Every structure is written in C-alpha cells, then in structure tokens.
Amino acid sequence: MTGSLIRPTRRALLGAAAALGAGATARTARAQSLRGTTLVFASWGGAYQEAQKVCYCDPFAAETGARVVQDGPMNAARFRTMAESGAPDWDVVDVTINTLFSGAHDGLLEKIDTTVVDTSRIAPQFVHEYGIGCIAWSYNLAYNTRTFPAARRPTTWADLFDMRQFPGKRTMLDQPVANLEAALMADGVAPADLYPLDVERALRKIDTIKAQTIFWTTNSQSQQLFVDEEVSIGIILNGRAYDASKKGAEIGIAWEGNIQSVDYLVVPRGSRNRAAAMKLIEVMTRAENQARLANMIAYAPTNPAAFASIDPAISPWLSTSPENTRRGFVINAEWWRQNERRLMERWAAWKLAR
Amino acid sequence: MEAGPVNGRRGAGPWLLLLPAALVMLIAFALPVGMLLARAFTHPEPGLQNFILLWERPVYLHVLVNTVMIAAAATPVTLILAYPVAHAMAHGSPRTRRLLTFLVLIPFWTSLLVRSFATVILLQRRGPLNTLLVNIGVIDAPLPLIYNLTGVLLGAVQTLLPFVIFPLYSSMRRIDPTLMPAALTMGASPVRAFLRVYLPLSLPGLMTGATLVFISMLGYFVIPALLGGPRQTMVGQLIQDQVGQLGSWGVAGALSFVLLAVTAGLLGLLHRLVGLKAVAR
C-alpha cells in the first residue's frame, strides 16, 4: 500500500529532475528511458540469484536507469497466490517449467512481448508464448569416481539399476519426475517414445533397487549424499554435481539420456511494470550476459551464441553444450502438468508399499 | 473498544491486556488457518469434492494412519527419556536445575532444518557415530540409523523433549518432597512408592507433555522428509505437495481439516481414558 503511494511521487520527482537536466544529450535520454522505474525481480536466492543480479540486472539497470529490487525466494504457492490476486509484488520471476505450464494454463502470466524480446536468439525448444527459458539444466546419472574408476564407469540409466556391476547404495528423487523417465530408459524405452509414460512399468523397474535407494528431497541433500559417499551412484542435477566436484567430491556424471529442464522468466499477470519487465527479459536473453552467468555459476545458456565466450573447462558440464544437448531431451512438462496429481498420489502409495 | 458496562473498569482491565495477544492470534493464526480450512469446502468450487477425493483415493487414508502410528511411537519414547531429566530438575540443587534448563533450551536456538541436517551427518552410514562404533569393534557393519523409522524417531524425540520436560518439571515441583520418604517409612518398596505415590502426582505434567508431543508430531514435515525412508511418509508432506506442487488449496485444506479432526478425536479419546482433569489441573 505504502509502496504504491510513494512510487508515483518518487517517479514524478525523478522525472522532474530529469526534465531539469535538459543539457543531457538525446542519446542518454533515450538510453536511460526507464529512469524512475522500480522493478522487482524474484528468483531462487543464493549464488544463483547473486549471479543473475550481476550478469542480468546490473547491466539492465545501467542501460535503462531503472532500479531492480531483488526478492524471493521463489515459491510456487506464493507465486500462485500473488498472480491470482492480480496485483503481484514481483515483476519478473524465474520459475520452473511446471510453474510456467500451470501458470500459462490457468491464465496467471502475461504474454511475452516479442517486439521487445528477440525470441529468435533463443533455441526454439526454450521459447514459450508466456515465458522465455533463461537457463537449462538436467537430471544426470552421477557416480563416485573412486568406486567406479575410468575402466568401469556407469554410462547409461540401465547402469543405475544394475546392482551386480555397480553395487552400493543409490539415490533418486523423492518425487516421480525424472525418476520415471530414467527407469523407462533403463528398461529399454527410447527417449522419443517415453510419453505418455508407462508409470507402472517404471515403478516396477524402480522396485528392483528400492531397498538400496535413498530418496532425496532437496538439492543440497542430493549433493551431500555424494560428498559424504553415502551413495555411489544416482540421479542428481548437473549443476549440483559440478558444485560438488569443485568442492572436492569424487563425482562424475554421464550425459546419455540426460533429462533436461528449464528455468523460465515470466511476468505474473497484472504486473504494474510490464513494459520494463519485458525489457529486463530482453537483456537476460543476450549472449554476452548468458555467457557471463555460465562462467560464473555453470548454468547452461539458452542462447546458443553464448558458447562462443564460455570457458572450455565449464562447457562439458553444461546441458546445452552442442555435445550434451544432442544426448538429452527436454522433459514433457505439459504431460506432467496433466498427470501431476495422479502421479503424486501414485508415488506416495508406491513409497508406502512394501 | 469501550469497557463493558457491567463490570466497569475493574473487570475490563485484565481483559484489555489480553487484547494484543488475542489480535495477533486472530490475524496470524485463526484467520489464515480458518481460510485454509474454508477452502476445503470452497476451492475450486463450493462442495465436498475435496473430501470425496480424499475418501476415494486410498493413499490419503494410508498416509494418515501412518502419521498417527509414527506419532504414537514417538510419544512414549519421548516421555521415558524426559521423565528422569524433569525429576533431576525438580528435585536437584538450584545449580543442577539451572544447568539442565540451559541444556534443554539449547536446541531451541538452532533451526529445525539445520538440526535435521546435522542429525543426518551424525547418523549416516559413514557418519561419526557409525565410524566410532565400527572402529571400537562394537559393530561389524554400519547400523542403518537414518532413512527409516529409527531416523524419524531420533530426529523427532530430540526436538520434542523440551515440550515434555517443562510441563513435567512444573508438575513435579508441586509434589510434596516428604511424600516419598513417608511412603517408604510406611513400608512401601521404592517401586511401589513410585508407582502409587509419585507417578500419579506427576500425571498432569506427563499428560500435558504427551499431548504436546503427539500433536506436534502429527504435523511434522521436515523430519520425515530428511530422516525418514519411503515408508515414513506423513500427512504434512502430502499437504506440502498439494500446495507447493499442485497449487491445490482445496485438497490441502481438506487434508488439514481431516488431520485436525483426527487430532481432536484422538485427544478426546485420550482424555476420556485418562481423565481430562489431570491435564487441566
């Protein structure tokens, strides 16, 4: 309430100040066109959002004169409540693919203004009417490199289920997403034939290793399991494996059948700064900004041109590097949206079964 | 807000002092919880469809029963561990009491999430505890202490102990210290004196503690998620999934409603069996 009362005043004041400084060149005036605007950007916090601030928001602020306030952490329930109210506190939000599809379906998002955002820069699988992919990541098969040295390294999802050749505790997600895909690929289904998923077949496959598997609920936990060598093989996000490896863990990942997902930038319905929000998204899709972020935190760009300036040491860890993107596929979020409740219930029932 | 005409100033004063707390509870607790529960009947449309869904899919009942069983297992364990501590606090020297109070309160200074992660690190297969036990030859192979019921109980009990210790302590403080020696002098064995004299007198604190532990445990979410295995799924996790993943406030509300009803029902039963007066005293 206070915010909306103060903001026009602030804006008017700054506008007046700008008008007074009539000596400024026309070029500066045009470039700093958003002076006085305050945008709220919400993301997932931590090192990721810090990198987003430095690589996206700061250049945007310098170029347009707008101020970007960092908020978060993003939370699907909070986002939904906000968008349903029609007067969101957030203007640009970094959301998961699930939130994008459910938000688009339920009319909670503003359409991406393609006259501002040049969508041709972005790999087509990451462009959506209501959101633009900003980073791509993937669920990968990971393993302890000391337990499984170079000569006998697991390479495919089938190896996750092979207790004889790859013994030891394993880890999977405590949710059906990605687990079911991995199990079906291990059972011989080609990525192209996965959807609609044969859920019961996948669960029967996971049954074969259920007693030996720890199911992780948070990303930190998945990382900890490998760092502490509680598990020798399992499913983990590529970024988490990279981070664990940088911190000295004996961890390697395989890229065969990597299950890709995407973080999308969206504008919640009713944003008071829609035009400025689109401009921020435009800045976020530029190759140089995405390359900087990848070099800083090893999240894969959605703008392929970014690879020209990405550190060759980091490139092999990124889901969208030409080599890795070829061996994976983007998860079918629309299928998951339609089946989410049924699968959540089925997963809970499966967990309780002996 | 005018003072009530009947009681005048003298009667209204204490009530006015309660007003700030009442307002906070109303705004921060009663309203949001009430709205969530109301959504069970109104979201996405008015009717009982959310409850029918819970009834038709056996998994919800299954998880509910599971939750009650886990809470029922945690309660006696906590009570047994808390009893001697409360006793030492109630009847020990002031120094002992201060030290124990301090030790019991320490866990409150750390967030539940941090403590749960710490418990994981301590109890895991290659954690310090298992390593120590293997190295000194007590066990041959690491014990499975987490990702199962043991893990959930260990995690839950350590967080719930203060909720039993303090009510027990306050009950025990009120027990006349001459009663036990009197019973012994009259010829009762120590066990008999404890069972017939001390235990019944400490019952109010014990029941309050048991109630708090049981109710808190029913709503647990972080501990089963981090320290439990697949079979320790609890209702709190399902409610979280409904809101966080499915955006389904209606079903979340219905689940909360059922959990609340079950809690109230079980407490009613408990107090019928043991006697409500014991707790209220």
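Residues numbered from 1 in each chain as written. Chains lettered and ligands numbered in written order. Predicted model: local features only at pLDDT ≥ 70, side-chain atom pairs only at ≥ 80, totals over all residues. Heavy atoms only, no water.

- By the naming in an unreviewed UniProt entry, chain A goes by ABC transporter substrate-binding protein and is assigned to Plastoroseomonas hellenica.

Overview of the overall build of chain A
Piece 1. Tallying secondary structure elements over chain A gives 14 helices and eleven strands in all.
Piece 2. Against the compact-globule benchmark of 20 Å for 354 residues, chain A has a radius of gyration of 22 Å, which places it among compact chains.
Piece 3. If one aligns the C-alpha atoms of chain A with their principal axes, the spans along those axes are about 75 × 40 × 35 Å.
Piece 4. Sequence separation of at least 24 residues holds for 72% of the intrachain contacts in chain A that already meet a minimum separation of 6.
Piece 5. Entry remark: accessible area of chain A is about 14,700 Å², with carbon and sulfur atoms responsible for 53%.
Piece 6. Once the 39 positive and 36 negative side-chain charges of chain A are each reduced to a mean point, those two points are 3 Å apart. (Helix = DSSP H or I, 4+ residues; strand = E, 2+ residues; numbered from the N terminus. Rg over C-alpha atoms; globule rule 2.2 N^0.38 Å. Contact = heavy atoms within 4.5 Å. Areas by Shrake-Rupley, 256 points an atom, 1.4 Å probe, with all protein chains shown as cover. Lys, Arg positive; Asp, Glu negative; His and termini not counted. Charge placed at Lys NZ, Arg CZ, Asp CG, Glu CD.)

Some words on helix α14 (residues 333–352) of chain A
Piece 1. Where α14 of chain A bends most, at N339 of chain A, the angle is about 65°.
Piece 2. Taking burial as the measure, the 20 residues of α14 of chain A include 14 buried ones, the bulk of the element. (Bend = angle between axes of the 7 residues up to and from the residue. Buried < 20%, exposed > 50% of the residue type's maximum accessible area, 1.4 Å probe, protein only.)

Some remarks on the interface of chain A and chain B
Piece 1. Each partner contributes to the interface: chain A provides 27 residues, whereas chain B provides 29 residues.
Piece 2. Overall, the association of chain A and chain B removes approximately 2,700 Å² of surface from exposure, summing both partners, and the carbon and sulfur fraction of that is 56%.
Piece 3. On inspection of chain A and its partner chain B, the count reaches two salt bridges.
Piece 4. The salt bridge involving E345 of chain A is made with R57 of chain B; its shortest N-O contact spans 2.5 Å.
Piece 5. Linking chain A with chain B are eleven residue pairs in polar contact (both at pLDDT 80 or more).
Piece 6. Ranked by the residues each element gives to the side of chain A that touches chain B, the list is headed by α14 of chain A, at eight residues.
Piece 7. Its residues assigned to classes, the side of chain A that touches chain B shows ten nonpolar, seven polar and ten charged. (Buried area = accessible area lost by both parts, 1.4 Å probe. Salt bridge = Lys/Arg side-chain N within 4 Å of Asp/Glu carboxyl O. Polar contact = N/O pair within 3.5 Å; in protein donor to acceptor, adjacent residues only side chain to side chain. Nonpolar A, V, L, I, M, F, W, Y, C, P; charged D, E, K, R; others polar.)

A closer look at the packing of helix α5 (residues 112–123) of chain B against helix α7 (residues 149–173) of chain B
In a packed pair of helices, the relevant descriptors are the angle between the two axes and the axis-to-axis distance.
All names here are of chain B.
Piece 1. Interhelical geometry of α5 versus α7 gives an angle of 135° and a closest axis separation of 10 Å. With respect to α7, the axis of α5 lies oblique. By crossing handedness, the relation of α5 to α7 is classed as right-handed. Across the interface between the two elements, L112, R115, T119 and L123 of α5 pack against L154, Q158 and T159 of α7.
Piece 2. Here the contact of α5 with α7 is composed, by residue class, of three nonpolar, three polar and one charged. (Axes fitted to C-alpha atoms, helices over the stretch in contact; angles between N-to-C directions. Parallel < 35°, antiparallel > 145°, perpendicular 65-115°, else oblique. Left-handed = near helix turned anticlockwise from the far one by under 90°.)

Digging into the confidence of the model for chain A
The predicted coordinates of low-pLDDT regions are not to be read in fine detail.
Piece 1. Per-residue confidence for chain A gives a mean pLDDT of 90, with 91% of residues at or over 70.
Piece 2. Counting interchain partners and residues more than four positions distant, the pLDDT-below-50 stretch residues 1–30 of chain A has nine contacts. (pLDDT = per-residue confidence, 0-100.)

Here's the deal with a nonpolar patch on the surface
Residue and element names in this part refer to chain B.
Piece 1. A cluster of nonpolar side chains, namely L99, F102, L103, L105, I106, F108, W109, F163 and L212, defines an oily patch on the protein surface of about 840 Å² accessible area.
Piece 2. Looking at the nonpolar patch, the element that brings in the most residues is helix α4 (residues 94–105), giving four residues.
Piece 3. Tracing the backbone shows F108 in the loop between α4 and α5. (Patch = residues over 30% accessible without salt bridge, like charges linked within 9 Å, V, L, I, M, F, W, Y side chains within 5 Å.)

Brief notes about α4 of chain B
An α-helix turns once per 3.6 residues; consequently, residues spaced three or four apart project the same way.
Piece 1. For α4 of chain B, with twelve residues, the first-to-last C-alpha span of 16 Å sits near the 16 Å given by 1.5 Å per residue.
Piece 2. Tucked into the core, α4 of chain B has its buried residues touching α3 (58–91) and α7 of chain B. (Expected span 1.5 Å × (residues − 1).)

A look at the pairing of strand β3 (residues 92–96) of chain A
Residue and element names in this part refer to chain A.
Piece 1. Counting buried positions over the five residues of β3 gives four, a clear majority of the element.
Piece 2. In this structure, strand β1 (residues 38–42) lies alongside β3, joined through two bridges in parallel fashion. Bridge pairing in β3 links A42 to V93.
Piece 3. Of the pairings in the sheet, the one linking β3 to strand β9 (residues 251–266) comprises four bridges and is antiparallel in character. Bridged to T96 within β9 is D263. (Pairing = 2+ DSSP bridges.)

What about the packing of α5 of chain B against helix α6 (residues 128–135) of chain B?
Residue and element names in this part refer to chain B.
Piece 1. Two elements in contact, α5 and α6, have axes separated by 5 Å at closest approach and are oriented at 20°. With respect to α6, the element α5 is oriented roughly parallel. Packed against α5, whose contacting residues are I121, L122 and L123, the element α6 presents P128, L129 and N130 at the interface.
Piece 2. A breakdown of the residues in the contact of α5 with α6 according to their chemical character gives five nonpolar, one polar and no charged.

What to know about the domain arrangement of chain A
Residues and elements named next belong to chain A.
Piece 1. Under the domain assignment used here, chain A contains domain 1 (2–135 + 262–316) and domain 2 (137–261 + 326–352).
Piece 2. For domain 1 and domain 2, the distance between their C-alpha centres works out to 32 Å.
Piece 3. Counting from both sides, the interface comprises 14 residues of domain 1 and, opposite them, twelve residues of domain 2.
Piece 4. Buried area between domain 1 and domain 2, both sides added, is near 1,200 Å², and the carbon and sulfur share of it is 62%.
Piece 5. Looking at the side of domain 1 facing domain 2, the largest losses of area belong to I97, F101 and V262, adding up to 33% of the total buried there.
Piece 6. On the surface where domain 1 and domain 2 come into contact, there are three residue pairs in polar contact (both at pLDDT 80 or more).
Piece 7. Those elements that provide at least two residues to the side of domain 1 that touches domain 2 are α5 (97–105) and β9.
Piece 8. At five residues, the largest contribution of residues to the side of domain 1 that touches domain 2 is made by α5.
Piece 9. Residue classes in the side of domain 1 that touches domain 2 are distributed as nine nonpolar, four polar and one charged. (Domains from an automatic or database assignment.)

Brief notes about the state of the cysteines
Residue and element names in this part refer to chain A.
Piece 1. Under the definition given, this model contains zero disulfides over all chains.
Piece 2. With no disulfide of its own, C55 lies closest to C57 among cysteine sulfurs, the gap being 9.6 Å.
Piece 3. Residue C55 is classed as buried on the basis of its relative accessible area, which comes to 0%.
Piece 4. Left unpaired, C134 is separated from the closest cysteine sulfur, that of C57, by 11 Å. (Disulfide = S-S within 2.5 Å.)

Let's talk about the pattern of salt bridges
All names here are of chain A.
Piece 1. On inspection of all chains with the given rule, the structure shows 24 salt bridges over all chains.
Piece 2. In this structure, the salt-bridge partner of R78 is D71, at a minimum N-O distance of 3.9 Å.
Piece 3. Judged by relative accessible area, which is 36%, R78 ranks as partly exposed.
Piece 4. Judged by its relative accessible area of 28%, D71 falls in the partly exposed class.
Piece 5. One salt-bridge network, in which partners are shared between bridges, spans E63, R121, K279, E282 and R286.

A look at unusual backbone geometry
Piece 1. Residues G72 of chain A and P73 of chain A are joined by a peptide bond in cis, for which omega reads -5°.
Piece 2. Checked against the element boundaries, P73 of chain A lands in the loop between β2 (67–71) and α4 (76–85).
Piece 3. Of note, the bond from H43 of chain B into P44 of chain B is cis; its omega dihedral lies within 30 degrees of zero at -5°.
Piece 4. A positive phi is found at E229 of chain A, a non-glycine position, where the angle reads about 55°.
Piece 5. Mapping E229 of chain A onto the fold places it in the loop between α9 (219–227) and β8 (233–237).
Piece 6. Owing to a relative accessible area of 15%, E229 of chain A belongs among the buried residues under this scheme.
Piece 7. If you check the backbone angles, Y147 of chain B has positive phi at about 65° while not being a glycine.
Piece 8. Mapped onto the elements of the fold, Y147 of chain B is located in the loop between α6 and α7.
Piece 9. Classification of Y147 of chain B as buried rests on a relative accessible area of 15%.

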